[in-house]
Amino acid sequence: MFGYAWLMIAFPLIGAAINGFLGKKINNKKISGWLGTAMLAGSFATALAVFFDYQSRGLQGAERFVEVPGWTWIAIQGMSERYLHIDFALLIDPLSVTMMLFITGISMLIHMYSTEYMSHDEGLPRFFTYLNLFVAMMLILILGANIPMMFVGWEGVGLCSYLLIGFWYRNMENAKCGMKAFITNRVGDFGILIGLFMIFQQFDAYFRMHGMTEASALDFKDILLNANAVLSVMSPADALFIALFLFLGACGKSAQFPLHIWLPDAMAGPTPVSALIHAATMVTSGVYMVTRLNPVFSANETSGFIVACIGAGTAFMAATIALTQNDIKKVLAYSTVSQLGYMFLACGVGAYWVAIFHVITHAFFKACLFLGSGSVIHGMHEEQDTRHMGGLAKYMPITYWTFVISTFAIAGIFPLAGFFSKDEILWQVAIWDSQFKGAASFLYWLALFTALMTAFYMGRVTWKTFLGKPRWTAEFKKKHHHPHESHLPMTIPLMVLATMAVISGAILFTPGWMTGGEPREPLAHFLDVSAGGPEGLMLYAGGTGAMDAQIHGEHAEPAHGEDAGHGAEEAQGDGHAAHHEPFMLLGGSVTSTEMIMAFGSVLIALIMLILSNRRYTGDYDPKKKAAQKAFGPLYAFSYNKWYIDEIYNNILVRPGVWLSSKAWQIFDVRLIDGIVNGVAKVLGALGELIRPVQTGFVRNYMLYLLAGAVMFMLINMWSYLLGGAS
Amino acid sequence: MIDMVVNSVWLAGLMFAIGTLGVMIHRHPVIIFMCIELMLNAANLALVAFNRHHFSPAWRTMDGQIYAFLIIVIAAAEVAVGLAIIVALFKHRTRVDIDEINFLKR
Amino acid sequence: MDGQLLAWWVLAIVGSLSAVMMVLSRNPVHSVLYLVANFLTLVGIYFLLSAPMMAVVQFVVYAGAIMILFLFVVMFFMSPEARRWLRPEIKSQWVFGTLLTVMMLTVVYISLFTSGRVNQGELEMGRPTIAMAGAAENPREELGHPAGLGVRMFSYHALPFEIAGLLLLAALLGAVLVARDERSEGRQHLAHEFEKAEEAVAEEVQA
């Protein structure tokens with residue numbers, strides 16, 4: 001079943017191999033670029049086929065986790081009767097199906113865009129090699145059926161992001177940014193490794209104790225289906241530490257505080273790379289991992305609360321930083337960090353499917369924004385500073401309109417995609433039922449305030465770039481006169497992504513107040529078993545799924561949105577009814593409260609967009625430095641990114657450099673070099689001792705040969721004579 | 001009759017030793033080569049003698065002589081290549097001294 | 001002592017002496033001739049050891065063809081100064097070489113002697129004689145009969161035979177390749193080109 005899913009990974013790998021090994025020989029940028037794109041198109045087609053196949057099979061309960069066998073990867077016979085047996089296998093389940101659809105789709109568009117964007121670059125085959133490899137690694141990450149496979153993809157995307165960020169490696173700054181990303185990710189990888197080890201230890205011990213020889217503690221399916229049983233016997237501290245270590249890994253990959261510093265610097269790479277990293281791959285892997293192992297995070301309310309706090313805090317912090325940045329890509333980068341914070345906020349409050357929902361919508365509008373900024377940079381001939389832009393709307397209409405649509409989407413304007421996902425996150429935070437209810441209301445207001453700032457800074461960057469008076473540099477005007485609109489291979493992805501940014505939200509989810517009854521949640525029901533939905537919770541608790549689903553009849557058929565939704569509401573249970581109390585507005589009905597909250601946030605966003613429009617069009621002139629004067633230290637605090645880089649530099653980097661230089665002087669120079677050189681000297685002296693033997697005269701060697709032969713003859717004769725004598 | 005066969009083996013040993021001595025004391029490559037031929041012939045003589053020794057009405061093997069033939073063939077091939085090398089050496093230098101061909105040492 | 005044994009002794013003494021002389025001779029041409037003499041005595045010994053085919057091959061191939069090759073090489077490449085490299089050899093090499101050779105010979109002879117003693121009884125119980133070797137009803141089965149040798153060679157030893165043939169071919173090619181002087185060929189070619197160019201110039205001048 002689904003054996004052809006391997007094609008999805010094979011396509012980009014083949015593309016990477018062809019471009020990597022033969023790229024120089026082909027020596028044709030068009031062929032290299034479109035080959036890479038075609039491979040991704042094949043991958044996307046495979047993903048679509050898997051999706052429709054999966055839907056048409058109508059699998060139930062635990063059957064919805066389909067393992068596609070590959071080959072045996074690691075097989076170790078332990079001391080006991082149990083083998084450590086790891087297959088190279090794929091797991092086709094709702095989560096991986098969802099992820100692979102948008103990953104392959106958006107990656108395809110970005111590849112297509114890159115054929116034009118990178119067309120002047122000498123290293124284009126290399127670029128497409130890395131790009132294809134990146135997507136392949138991301139697919140391994142999300143499709144892997146077990147922890148080691150996920151880890152392969154996890155490290156693979158880390159490597160590829162390093163290669164791509166440092167793509168223009170001749171510039172030292174870019175290479176440094178690549179290293180920064182790599183090293184920051186190492187810190188996160190340390191966390192995820194510890195977390196995964198602990199999971200293995202706990203689950204393996206449980207399976208061993210209960211004689212479950214078939215189950216593997218590394219297999220996602222076995223972990224999920226036995227999650228509650230194992231977690232219930234685990235000590236709470238263990239569960240908390242597993243969750244926190246795993247979350248540290250997610251922080252590294254998904255750029256959450258305190259490991260967010262690499263993502264804004266990832267701007268050093270070519271713009272399509274930024275789009276790929278920020279939208280489709282890499283940063284989503286943290287959210288994916290948390291969702292994949294969601295029972296571990298749900299097991300303990302404290303861990304969920306910490307995740308939510310970090311998420312909301314990061315969202316707030318990144319938004320404040322984004323307010324004052326001038327580089328168009330920097331603003332977008334911090335907005336990504338901020339939006340990722342929203343996703344983790346959703347994860348923290350247990351609404352995993354909402355996190356994935358926001359991942360999807362965010363992927364569309366953020367990819368569109370980044371590709372749009374790439375188009376602007378391309379049109380402005382490598383100008384990135386918004387202070388030197390302005391008035392581009394006239395020259396780049398397609399870029400302008402798609403950028404505006406995506407800005408509205410990210411700001412959460414009804415009825416664009418961002419509105420649905422962001423408002424659902426806010427709603428889920430509001431109704432979160434836990435011991436941290438009071439703090440959660442604070443998180444809600446923080447997130448709302450962040451939404452306000454999001455609308456403002458996105459409006460700022462948009463209007464500053466496209467409207468107002470042209471503030472182009474004299475040099476630019478002299479050389480190019482005015483910017484130009486990009487060609488079709490760049491604008492088509494923009495238009496497709498903008499369309500998706502409009503419609504994807506409404507398709508995947510419609511809240512209750514719009515339908516006039518129960519919410520329509522196809523995505524939630526599709527993701528149910530993988531993302532901790534009601535049926536999923538039953539499976540994790542040890543139910544057999546299909547049987548339980550029959551008992552709970554109505555949500556057995558995920559395609560039936562309304563009925564299933566009803567079931568879901570009930571199954572989420574009493575909590576839901578009890579916990580909208582703190583936010584009960586206007587007569588106390590859930591629907592009206594939700595509606596008013598939604599309208600409120602849309603209103604705030606609109607006001608902010610209009611405000612920013614007023615501020616940054618017309619006679620706006622950055623040289624006046626109005627904001628800087630008005631806000632003083634606050635502005636500086638935000639502009640310098642909360643001084644986090646400086647703090648790290650002083651607290652971690654400098655002592656590290658000092659320590660390693662000392663270590664180098666003591667251990668490397670004295671100890672290791674001493675040993676190595678000493679061994680070499682001893683051997684050299686020995687060689688000098690024996691060297692005279694090698695006279696270089698053939699006859700002399702013959703003499704040695706004969707001496708050896710005679711010696712052997714003597715030895716033989718000696719034993720022969722002894723034998724003969726006795 | 002037996003004496004002749006056994007004596008032949010003694011003779012082969014003597015010839016082999018003389019050949020070895022020649023290889024070791026001479027410096028001219030052609031003469032060294034001839035000494036090697038002498039050693040090969042000594043081995044051939046031993047083979048023929050042993051064949052003679054072991055031949056019986058019951059076991060009529062002639063393999064010793066066949067080995068000797070094969071050795072002659074290989075010796076011929078070796079002489080061809082070896083002399084060609086010596087000729088090539090002679091072409092490059094007027095004096096050919098085996099002790100001067102020590103490039104590996106230098 | 002019958003005639004055959006007497007002949008053997010004569011041949012053996014002459015052969016040994018010629019071998020010693022070959023080593024001691026200062027003149028390479030003499031060395032070659034001494035070696036030819038040694039090989040001719042071997043021909044006789046092979047006859048006595050009832051290996052007529054072997055004797056003929058030794059005569060034709062070794063004493064004839066191979067040694068002529070040696071003689072050619074020695075005579076072609078001996079310059080007048082060639083004698084000078086025949087100065088006395090290094091002393092230590094002499095001493096150690098002789099010492100080791102004598103040791104080897106001693107060891108071989110001791111082992112020959114002892115093994116002969118061990119097998120003496122066996123030998124006396126009717127080991128083959130020349131009369132017995134020639135006593136087969138079918139002459140092909142006599143020791144050293146060319147027909148028998150041929151049958152054995154092309155059936156049981158066919159593979160080594162073929163490989164030896166391949167080896168000869170390879171040696172032929174290798175010898176040609178090694179002995180060929182590429183530089184002189186190139187020089188000749190160049191000279192030829194110069195000649196042609198001069199002719200062309202001359203023709204033009206004439207025209």
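Read on for a plain summary of the structure. (Residues numbered from 1 in each chain as written. Chains lettered and ligands numbered in written order. Predicted model: local features only at pLDDT ≥ 70, side-chain atom pairs only at ≥ 80, totals over all residues. Heavy atoms only, no water.)

A short note on the overall build of chain A
For step 1, the next point in the chain: Broken down by element type, chain A carries 32 helices and two strands.
For step 2, the next point in the chain: Across the 726 residues in chain A, those meeting the buried criterion constitute 56%.
For step 3, the next point in the chain: Partitioning the contacts of chain A with sequence separation of at least 6, the portion at a separation of at least 24 is 80%.
For step 4, the next point in the chain: Total accessible area on chain A stands at roughly 29800 Å², and carbon and sulfur atoms take up 67% of it. (Helix = DSSP H or I, 4+ residues; strand = E, 2+ residues; numbered from the N terminus. Buried < 20%, exposed > 50% of the residue type's maximum accessible area, 1.4 Å probe, protein only. Contact = heavy atoms within 4.5 Å. Areas by Shrake-Rupley, 256 points an atom, 1.4 Å probe, with all protein chains shown as cover.)

Comments concerning the interface of chain B and chain C
For step 1, the next point in the chain: Each side of the interface is counted separately: chain B has 76 residues, and chain C has 85 residues.
For step 2, the next point in the chain: The contact between chain B and chain C buries some 7500 Å² in all, and 77% of this surface belongs to carbon and sulfur atoms.
For step 3, the next point in the chain: Its largest share of buried area at the contact with chain C, chain B owes to Met4, Met34 and Arg52 of chain B, together 10% of the area lost on that side.
For step 4, the next point in the chain: Counting across the chain B and chain C interface gives one salt bridge.
For step 5, the next point in the chain: The shortest N-O distance in the salt bridge between Asp63 of chain B and Arg152 of chain C comes to 2.8 Å.
For step 6, the next point in the chain: There are nine residue pairs in polar contact (both at pLDDT 80 or more) connecting chain B and chain C.
For step 7, the next point in the chain: Of all the secondary structure elements, the ones that give two or more residues to the side of chain B that touches chain C are α1 (2-25), α2 (29-54) and α3 (63-92) of chain B.
For step 8, the next point in the chain: The dominant element in the side of chain B that touches chain C, judged by the number of residues it contributes, is α3 of chain B, at 25 residues.
For step 9, the next point in the chain: Classifying every residue of the side of chain B that touches chain C by side-chain character gives 49 nonpolar, 17 polar and 10 charged. (Buried area = accessible area lost by both parts, 1.4 Å probe. Salt bridge = Lys/Arg side-chain N within 4 Å of Asp/Glu carboxyl O. Polar contact = N/O pair within 3.5 Å; in protein donor to acceptor, adjacent residues only side chain to side chain. Nonpolar A, V, L, I, M, F, W, Y, C, P; charged D, E, K, R; others polar.)

Some details on helix α19 (residues 437-466) of chain A
For step 1, the next point in the chain: Here α19 of chain A is 30 residues long and its end C-alpha atoms lie 43 Å apart, about the 44 Å a rise of 1.5 Å per residue gives.
For step 2, the next point in the chain: Across the 30 residues of α19 of chain A, 22 count as buried, placing the element largely inside the fold. (Expected span 1.5 Å × (residues − 1).)

Quick word on the nonpolar core
Taken as a class, soluble globular proteins show a tendency for nonpolar side chains to be buried jointly.
For step 1, the next point in the chain: In terms of nonpolar packing, the biggest core is built from 218 residues, with Ile92, Ile142 and Leu246 of chain A touching the most fellow members.
For step 2, the next point in the chain: Sequence-distant contacts of Ile92 of chain A, defined by excluding residues within four places in its chain, comprise Phe2, Ala5, Val50, Tyr54, Arg64, Phe65, Val66, Val68, Val97 and Leu143 of chain A.
For step 3, the next point in the chain: One finds Leu706 of chain A, Val23 of chain B together with Leu49 and Ala51 of chain C within the second-largest nonpolar core, a separate group that totals 80 residues. (Core = buried A, V, L, I, M, F, W, Y, C linked by side-chain atoms within 4.5 Å.)

Here we look at the layout of surface pockets
Residue and element names in this part refer to chain A.
For step 1, the next point in the chain: The computed volume of the second largest pocket comes to approximately 930 Å³.
For step 2, the next point in the chain: What lines the second largest pocket is a set of 34 residues, among which Leu323, Thr324, Tyr616, Ala627 and Tyr635 lie closest to the centre.
For step 3, the next point in the chain: Where the lining of the second largest pocket is concerned, the elements lending two or more residues are α14 (301-322), α19, α28 (590-616), α29 (626-631) and α30 (633-639).
For step 4, the next point in the chain: Residue contributions to the lining of the second largest pocket peak at six residues, all from α19.
For step 5, the next point in the chain: Along the lines of polarity and charge, the residues of the lining of the second largest pocket split into 19 nonpolar, six polar and nine charged. (1 Å grid on protein atoms, 1.4 Å probe; cavity = no way out; pocket = protein on both sides within 12 Å on 5 of 7 lines; lining within 4 Å. Points joined across faces, edges and corners; volume = space filled by probe spheres on them.)

Examining empty space enclosed by the protein
All names here are of chain A.
For step 1, the next point in the chain: All told, the structure shown has five cavities of 30 Å³ or more when counted by the stated rule.
For step 2, the next point in the chain: The calculated volume of the largest cavity comes to roughly 120 Å³.
For step 3, the next point in the chain: If you go around the largest cavity, you meet 15 residues; those closest to its centre are Asp423, Glu424, Trp427, Glu594 and Ala598.
For step 4, the next point in the chain: Elements supplying a minimum of two residues to the lining of the largest cavity: α18 (417-430), α19 and α28.
For step 5, the next point in the chain: Looking at which element gives the most residues to the lining of the largest cavity, the answer is α18, with six residues.
For step 6, the next point in the chain: Tallied by class, residues from the lining of the largest cavity come to 11 nonpolar, one polar and three charged.
For step 7, the next point in the chain: Reported here for the second largest cavity is a volume of approximately 60 Å³.

A few points about the pattern of salt bridges
Residues and elements named next belong to chain A.
For step 1, the next point in the chain: The full count for this structure, using the stated rule, is 10 salt bridges over all chains.
For step 2, the next point in the chain: Measuring nitrogen to oxygen at the nearest pair gives 3.7 Å for the salt bridge that ties Lys29 to Glu122. On the criterion of sequence distance, the pair formed by Lys29 in helix α2 (residues 29-57) and Glu122 in the loop between α3 (94-117) and α4 (124-143) is long-range, its members being 93 residues apart.
For step 3, the next point in the chain: Via salt bridges that share partners, Glu155, Arg186 and Asp189 belong to a single interconnected network.

With respect to the interface of chain C and chain A
For step 1, the next point in the chain: Contacts between the two partners involve 16 residues from chain C, matched on the other side by 11 residues from chain A.
For step 2, the next point in the chain: Both sides of the chain C and chain A interface together cover about 1200 Å² of buried area, and 80% of this is carbon and sulfur.
For step 3, the next point in the chain: Taken as a group, Gln93, Leu100 and Val107 of chain C account for 45% of the area that chain C buries against chain A, more than any other trio of residues on that side.
For step 4, the next point in the chain: On inspection of chain C and its partner chain A, the count reaches zero salt bridges.
For step 5, the next point in the chain: In terms of residue class, the side of chain C that touches chain A is built from nine nonpolar, six polar and one charged.

Some remarks on the packing of aromatic side chains
For step 1, the next point in the chain: Scanning the model with the defined rule gives 42 aromatic pairs over all chains in all.
For step 2, the next point in the chain: The interplanar angle of 80 degrees and the centroid separation of 6.0 Å between the aromatic rings of Tyr54 of chain A and Phe526 of chain A together place this pair among those described as edge-to-face. Here Tyr54 of chain A, found in helix α2, pairs with Phe526 of chain A, found in helix α23 (residues 522-527); they are 472 residues apart in sequence, far enough to count as distant. Of the two residues, Tyr54 of chain A and Phe526 of chain A, both sit in the buried class.
For step 3, the next point in the chain: Taking the centre distance of 5.6 Å and the plane angle of 80 degrees together, the rings of Phe33 of chain B and Phe70 of chain C count as edge-to-face. Here Phe70 of chain C lies in helix α3 (residues 52-76) and Phe33 of chain B lies in helix α2, a pairing that spans two chains.
For step 4, the next point in the chain: A residue is classified by how much of its surface remains accessible, and Phe70 of chain C, at 0% relative accessible area, is buried. (Phe/Tyr/Trp six-rings, centres within 6.5 Å; stacked < 30°, edge-to-face > 60°.)

So, the side chain of Gln202 of chain A
Residues and elements named next belong to chain A.
For step 1, the next point in the chain: Counting through the fold element by element, Gln202 comes out in helix α6 (residues 172-209).
For step 2, the next point in the chain: Side chain to side chain, Gln202 and Asp238 meet in a polar contact 2.8 Å long.
For step 3, the next point in the chain: Each residue touching Gln202, except ones within four places of it in the same chain, is listed here: Val230, Met234, Asp238 and Ile242.

So, helix α12 (residues 283-292) of chain A
For an α-helix, the turn length of 3.6 residues means that residues three or four places apart are oriented alike.
For step 1, the next point in the chain: Burial analysis of α12 of chain A places 10 of its 10 residues in the buried class, which makes it a mostly covered element.
For step 2, the next point in the chain: Inspection of α12 of chain A places Val283, Thr284, Ser285, Gly286, Val287, Tyr288, Met289, Val290, Thr291 and Arg292 of chain A among the buried residues, and these make up the whole buried set.

A few points about the side chain of Lys329 of chain A
Residue and element names in this part refer to chain A.
For step 1, the next point in the chain: Residue position: Lys329 is located in helix α15 (residues 328-348).
For step 2, the next point in the chain: Reaching out from Lys329, the side chain makes a polar contact with the backbone oxygen of Gly269 at a distance of 3.3 Å.
For step 3, the next point in the chain: If we skip the residues at most four places from it in the chain, Lys329 touches Met267, Gly269, Pro270, Thr271, Ser274, Phe370, Ser373, Ile377 and Gln384.

Overview of the packing of helix α11 (residues 271-280) of chain A against helix α16 (residues 352-379) of chain A
Residues and elements named next belong to chain A.
For step 1, the next point in the chain: At a minimum axis separation of 9 Å, α11 and α16 run at an interaxial angle of 170 degrees. Between α11 and α16, the interaxial angle falls into the category roughly antiparallel. For the pair α11 and α16, contact is made by Thr271, Pro272, Ser274, Ala275, His278 and Ala279 and by His362, Ala363, Lys366, Ala367, Phe370, Leu371, Ser373, Gly374 and Ile377, respectively.
For step 2, the next point in the chain: When the residues that make up the contact of α11 with α16 are grouped by side-chain class, the tally is eight nonpolar, six polar and one charged. (Axes fitted to C-alpha atoms, helices over the stretch in contact; angles between N-to-C directions. Parallel < 35°, antiparallel > 145°, perpendicular 65-115°, else oblique.)

Side note on the packing of α12 of chain A against α16 of chain A
Residue and element names in this part refer to chain A.
For step 1, the next point in the chain: Closest axis-to-axis distance for the α12/α16 pair is 10 Å, and the angle between their directions is 160 degrees. For the element pair α12 / α16, the angle class is roughly antiparallel. Crossing angle aside, the handedness with which α12 passes α16 is left-handed. Note on element contacts: α16 touches α12 through Tyr352, Ala355, Ile356 and Val359, opposite Thr284, Val287, Val290 and Thr291.
For step 2, the next point in the chain: Of the residues contributing to the contact of α12 with α16, the split by class is six nonpolar, two polar and no charged. (Left-handed = near helix turned anticlockwise from the far one by under 90°.)

Points about a negative patch on the surface
For step 1, the next point in the chain: A surface patch of negative charge is lined by Glu195, Glu198, Glu199, Glu203 and Glu204 of chain C.
For step 2, the next point in the chain: Within the element layout of this structure, Glu199 of chain C appears in helix α9 (residues 182-206). (Patch = residues over 30% accessible without salt bridge, like charges linked within 9 Å, V, L, I, M, F, W, Y side chains within 5 Å. Lys, Arg positive; Asp, Glu negative; His and termini not counted. Charge placed at Lys NZ, Arg CZ, Asp CG, Glu CD.)

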